[in-house]
Amino acid sequence: HVHLAFQVDPRACPALLLELTAPTASLVREMASGLVRIALECERSKGASAFPGTTAGAGAGRKLLEETVWRAYCNGKGCGYAVRRECGAADWRVLRALEPVSMGAGVIPASCGGGEGDVMYMRARFERVVGSRDSEAFYMINPDSSSNANSVGPELSVYLLRV
């Protein structure tokens, strides 16, 4: 499965850790074809309103990054769902192994990652854009984009939407 961890600093606890039900191989296949857009949608709480100051219901005051279950789409195609998780011991082993990596992709052998098998990773810087209390986006910052005239945009974008 694919795990997405958004951290402010490589040593910090992830602000958001999601596990997608999509197999890693399908995401790798999409990335090989070019641009990847991952859209994650969650339901607005019953009784919640899209207008500030008029919310109601138990989860109405929840921040977008605190939502727990998301429908997942990759390049417009449904790819299951995503679940927010707490960072466990196995996650910390992988994150610690990646601390010295500022950007790039590769494989962490099972002996280093401590999991059941090798771990494929991609580490990059992302720009966070908050559209509203119900929408945020993370755009991968590609250091080569300024020198590449054919660059269409970020290779990977993740959109969080509360609908």
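For the structure given in this document, a descriptive report is provided here. (Residues numbered from 1 in each chain as written. Predicted model: local features only at pLDDT ≥ 70, side-chain atom pairs only at ≥ 80, totals over all residues. Heavy atoms only, no water.)

## A word on the pattern of salt bridges
Throughout the structure, instances matching the rule amount to 12 salt bridges. A salt bridge links Arg85 to Glu19; the shortest N-O distance between them is 3.3 Å. Of this pair, Arg85 sits in the loop between β5 (77-84) and α2 (89-98) while Glu19 sits in strand β2 (residues 16-20), placing them 66 residues apart in sequence. For Arg85, a relative accessible area of 26% corresponds to the partly exposed category. A salt bridge links Arg85 to Asp91, with the nearest nitrogen and oxygen atoms 2.6 Å apart. (Salt bridge = Lys/Arg side-chain N within 4 Å of Asp/Glu carboxyl O. Helix = DSSP H or I, 4+ residues; strand = E, 2+ residues; numbered from the N terminus. Buried < 20%, exposed > 50% of the residue type's maximum accessible area, 1.4 Å probe, protein only.)

## A look at the sheet that holds strand β4 (residues 69-74)
Across the sheet, 8 strands lie side by side as β1-β2-β5-β4-β3-β10-β9-β8; this open sheet has mixed pairing. Every interior strand has two partners, whereas the edge strands, β1 (2-6) and β8 (125-132), have only one. In this sheet, adjacent strand axes meet at a mean angle of 25 degrees when their direction is disregarded. For strand β9 (residues 135-141) and strand β10 (residues 156-162), the ladder comprises 5 bridges, and the chain directions are antiparallel. Bridge pairing in β10 links Ala137 to Tyr159. Lying on the sheet, helix α1 (residues 24-32) is in contact with β1, β3 (36-42), β4 and β5; it crosses β3 at an angle near 130 degrees. (Pairing = 2+ DSSP bridges. Axes fitted to C-alpha atoms, helices over the stretch in contact; angles between N-to-C directions. Contact = heavy atoms within 4.5 Å.)

## Here we look at the side chain of Asp134
Note on placement: Asp134 falls in the loop between β8 and β9. Side chain to side chain, Asp134 and Arg162 meet in a polar contact 2.6 Å long. (Polar contact = N/O pair within 3.5 Å; in protein donor to acceptor, adjacent residues only side chain to side chain.)

## Remarks on the nonpolar core
Ranked by size, the top nonpolar core spans 24 residues in total, and within it Ile38, Leu40, Trp70, Val158 and Leu160 carry the most contacts. The element best represented in this core is β3, accounting for 4 residues. Those residues in contact with Trp70 that lie beyond four places of it in its chain are Leu18, Leu40, Glu41, Cys42, Leu64, Tyr81, Ala82, Leu160 and Leu161. (Core = buried A, V, L, I, M, F, W, Y, C linked by side-chain atoms within 4.5 Å.)

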